[in-house]
Amino acid sequence: MLADATTLLASLAAAVSISMTWSFFSGAKWNPSGRHCYITGGSTGLGLALAVLLTRKGADVSIVARNEEQLAKALAQLEAARVTPNQILKSYSYSLNTCTAAKEALEVACEPHGGETPDAVFLCAGKATPGFFIEETEESMKKGMDNTYWLAAWSAMAASQRMIRTKSHGKIIFVSSVLGYMSMFGYSTYAPGKHAIRGLAEGLRQELLLYSIGVHIYFPATIFSPGYVEENKTKPRLLLEMEESDGGVTPEQAAQGLYKGIQRGDFHITDTFIGDVFRTSTRGATPQNGNFLKEAVYGIIGYIALPFWRRDCDQKVVAHRPAHEEYLTSAGVLSGGK
Amino acid sequence: MFWSTKSWDAAGKHCYITGGSSGLGLALAKMLAAQGAHVSIVARDEQRLARALVELETVRQSKAQLFQVFSYSLLTAEASEAALKAAMERHSDVTPDAAFLCAGKSIPRFFVEYTTAELTEGMDFGYWVQAWSAWFLAKKMVAQRRTGSITFVSSTLGLMTVPGYSGYCPGKHALRGLADTLRCEFLLYGIDIHIFFPPTMFTPSYEEENKIKPALTKKIEEADGGLTAEQAAMGQAHITADFLTDSFRVSSRGSAPSNGWILDGVIDLAARVWIPLWSTLTDRRVRAHREGHYQHLQEIGFFAF
């Protein structure tokens, strides 16, 4: 029995090493130079940092967002990063939370490219508005799903339909979050949508094999972006305290992390310790990334450490009860001393 | 913390069950009625609700038990609130002790073939139909300073997916995100959150679903088997009711609590071997389907744009 197990493990290890070596030599790394990259949420934060990175590598870049002022500033940054005179750098103002808008924005962005479909579509648009569930409104709940899931889904629909119709074999890159792997208090209007994006990406990775369209999905942790600053203005204090020790990365670092993940050919892309631990601990049926040893080690770390982390988080929440009750009473949610 | 098991006695408790007129919800309703609970069922179809009420009566344990049925479509916030209020009326407007949010259905299709309405509906039937109920329930429970439990019903497709379910699995994943958030957040109020991941259940809903399911999806699901609603209801005590789903639960647990940390580890080890093999095989099946699929797209006029 032990001999069988050893043989099995040895064969497995051999198979993994062979496949890793093969993929290292066989796959040409994705090169953005001369390719059209379409980026939603491209006027600030991760989207903008990505747009600048890709511009520097010689790509044609279209950024889409709502605020025209921010778009103008962003476009100026892209121009400053231009490396060849014939790069096509454009910005478009659209609110992408409907299918119609998503299709129209994409169509318009294809015009300067002779009607050709973009080679890569980066779905960075999104935002978080943390709060306590019982204080949410119907509108805030719907908006939460719009600003996470639907922003991604409609553009993914527009992009995949167009790629199939024009028989172009491009890439679609989703952006979820560590809160698409797990959740904790305060994120009831954010985590569901980010989990939903994961579900969609999993399904599409498989389905789009039918059309040779590649899918990636990025799970960042905290990014110190303008969006993050906004989010913290209304974030419950307990959540701010819990996240204090988390640290974070700049949008430029995040963009680098995402880009490298695409180059490695990773399906799920994580570039932080937190991200790696949760990615390897929530595998489900997700194909694993190339470094077999790393996956196994992080998986073990998660298996042992996460229950302790969760217990710690739970204890903090329980300890917060009296303060929370006071807060709810003063907010009129609870009638004082029933 | 790691190995606590709470057993719960349903006798005399008010159980609120959405999607309770058929399938899993009905099986659960009968199980709880047979244990002596008061049961309120919410669903859309009035005929089915009437039949469900008759079935509940067959397992009545005492005259004191109150069985109610209500016809509402729970896709909107408004309706979800009205349904809950209606169910609470005869219980002195006090919140239920336990809610089982079984309402939902799936519309399988290839992603690029969904209409806008269908994709939107997919999230309505997968996520909102339960989220609204949970939201009103929670607000009421906190305002009344009552504890209790809320159980979401996701799916194996809330832990992983196969081709053909992109209108459904995002909603089911979203439920997991919500449940994980609330499990933690509701420690503030002493309200318990559970989430159930049933596999294929041989129910009327399943038959409806199979009428439109893509052939490739059926092929991938071939070897799956499934449970009857009754079997699934029995499994509810342990989050998953079948080994396949349990493997996915365990390998995607992340920071969610587990019932058995050691057993989970053992299942996870096995999962690390067989799941990647399954995944590779499934990918191969998808690739093999390419030609057939392109023909299908031609036939439905996808390229005639």
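Residues numbered from 1 in each chain as written. Chains lettered and ligands numbered in written order. Predicted model: local features only at pLDDT ≥ 70, side-chain atom pairs only at ≥ 80, totals over all residues. Heavy atoms only, no water.

If you look chain B up in an unreviewed UniProt entry, it shows as Oxidoreductase from Auriscalpium vulgare.

Per an unreviewed UniProt entry, chain A is named Oxidoreductase, and its organism is Auriscalpium vulgare.

Chemist: I'm lost on the nonpolar core in this one. Help?
Modeler: Considering soluble globular proteins, one finds that nonpolar side chains tend to be buried as a cluster. Y149, F174, M184 and F185 of chain A together with Y127, F152 and F186 of chain B are the most contacted members of the largest nonpolar core, which totals 130 residues. Sequence-distant contacts of Y149 of chain A, that is, excluding residues within four places in its chain, are made with G193, A196, I197 and L200 of chain A together with M123, S166 and P170 of chain B. Residues L50, L54, I223 and A254 of chain A belong to the second largest nonpolar core, which totals 34 residues. (Core = buried A, V, L, I, M, F, W, Y, C linked by side-chain atoms within 4.5 Å. Buried < 20%, exposed > 50% of the residue type's maximum accessible area, 1.4 Å probe, protein only. Contact = heavy atoms within 4.5 Å.)

Chemist: How do you make sense of the interface of chain B and chain A when you look at a structure like this?
Modeler: In many analyses, interface size is given as the accessible surface area lost on bringing the parts together. Opposite the 81 residues of chain B that make contact, chain A presents 81 residues. Across the interface of chain B and chain A, roughly 6,800 Å² is buried in total on both sides, 65% from carbon and sulfur atoms. Three residues stand out in chain B for area buried against chain A, namely F111, R145 and L188 of chain B, and they jointly supply 11% of the buried area on that side. There are three salt bridges connecting chain B and chain A. Those elements giving two or more residues to the side of chain B that touches chain A turn out to be α4 (116–143), α5 (169–185), α9 (243–251), α10 (261–288) and α11 (290–299) of chain B. The element contributing the most residues to the side of chain B that touches chain A is α10 of chain B, with 15 residues. Residue composition of the side of chain B that touches chain A, by class: 48 nonpolar, 19 polar and 14 charged. (Buried area = accessible area lost by both parts, 1.4 Å probe. Salt bridge = Lys/Arg side-chain N within 4 Å of Asp/Glu carboxyl O. Helix = DSSP H or I, 4+ residues; strand = E, 2+ residues; numbered from the N terminus. Nonpolar A, V, L, I, M, F, W, Y, C, P; charged D, E, K, R; others polar.)

Chemist: Can you help me understand unusual backbone geometry in this one?
Modeler: Most peptide bonds take the trans form, and the phi angle of most residues other than glycine is negative. All names here are of chain B. The backbone of S92 shows a phi angle near 60°, a positive value even though the residue is not glycine. Here S92 lies in the loop between α3 (77–89) and β4 (98–101). Positive phi, close to 60°, is recorded for D93, a residue that is not glycine. D93 gets classed as partly exposed once you look at its relative accessible area, which sits at 45%.

Chemist: Mind showing me how you'd approach the packing of helix α10 (residues 273–281) of chain A against helix α11 (residues 292–319) of chain A here?
Modeler: To describe two helices that pack against each other, one gives the angle between their axes and the distance between the axes. Residues and elements named next belong to chain A. As a packed pair, α10 and α11 sit with axes 8 Å apart at the nearest point and diverge in direction by 90°. Taken together, the axes of α10 and α11 lie roughly perpendicular to each other. Facing F273, D276, V277, F278, R279, T280 and S281 of α10, the residues of α11 in contact are K294, E295, Y298, G299, I301, G302, Y303 and L306. Residue composition of the contact of α10 with α11, grouped by class: seven nonpolar, four polar and four charged. (Axes fitted to C-alpha atoms, helices over the stretch in contact; angles between N-to-C directions. Parallel < 35°, antiparallel > 145°, perpendicular 65-115°, else oblique.)

Chemist: Would you mind going over the packing of α4 of chain B against α5 of chain B with me for this structure?
Modeler: Residue and element names in this part refer to chain B. Running from N to C, α4 and α5 cross one another at 25°; their axes reach a closest spacing of 7 Å. By the criterion of interaxial angle, the relationship of α4 to α5 is roughly parallel. Between α4 and α5 lies a crossing whose hand is right-handed. Residues M123, G126, Y127, Q130 and A131 of α4 lie in contact with α5, whose contacting residues are P170, G171, K172, A174, L175 and L178. When the residues that make up the contact of α4 with α5 are grouped by side-chain class, the tally is seven nonpolar, three polar and one charged. (Left-handed = near helix turned anticlockwise from the far one by under 90°.)

Chemist: What exactly am I supposed to notice about the pairing of strand β3 (residues 67–71) of chain B here?
Modeler: Where a strand is regular, its side chains alternate between the two sheet faces. Residue and element names in this part refer to chain B. Of the strand pairs in this sheet, strand β2 (residues 38–43) and β3 are connected by five bridges, and their pairing is parallel. Residue pairing across strands places V42 opposite F70, the latter belonging to β3. Viewed along the sheet, the connection from β2 through helix α2 (residues 46–57) into β3 turns out right-handed. (Pairing = 2+ DSSP bridges. Right-handed = clockwise from strand over helix to strand, strands pointing away.)

Chemist: Explain the sheet that holds strand β5 (residues 171–175) of chain A here, please?
Modeler: Sheets are built from strands paired through backbone hydrogen bonds, the pairs being either parallel or antiparallel. Residue and element names in this part refer to chain A. One open sheet accounts for seven strands, arranged β3-β2-β1-β4-β5-β6-β7; its pairing is parallel. The outermost strands of the open sheet, each flanked by one partner alone, are β3 (89–93) and β7 (268–269). Two strands pair when backbone bridges link them, and strand β6 (residues 214–218) and β7 are joined in this way by two bridges, in the parallel orientation. Within β7, the position partnered with I217 by the bridge is H268. In this fold helix α2 (residues 45–56) packs onto β1 (36–40), β2 (60–65), β3, β4 (120–123), β5 and β6, with an angle of close to 170° to the strand it touches most, β1.

Chemist: Explain the side chain of S133 of chain B to me, please; I cannot follow it from the model alone.
Modeler: Relative to the helices and strands, S133 of chain B resides in helix α4. Not counting residues within four places of it along the chain, the set of residues in contact with S133 of chain B comprises T18, L74, S80 and L101 of chain B.

Chemist: Honestly, the sheet that holds strand β6 (residues 191–196) of chain B in this entry has me stumped. Any pointers?
Modeler: Residue and element names in this part refer to chain B. Spatially, six strands are ordered β3-β2-β1-β4-β5-β6 in an open sheet, and the strand pairing comes out parallel. Two strands lie at the open edges of the sheet, namely β3 and β6, each paired on one side alone. Each adjacent strand pair in this sheet contributes to an overall mean axis angle of 15°, direction not counted. Alignment of β4 against strand β5 (residues 148–153), held across four bridges, turns out to be parallel. Looking across to β5, one finds that F100 is bridged to T151. Lying over the sheet, helix α1 (residues 23–34) contacts β1 (14–18), β2, β3, β4, β5 and β6, oriented at roughly 170° with respect to β1. Docked against the sheet, α3 engages β1, β2 and β3, running at close to 150° with respect to β1.

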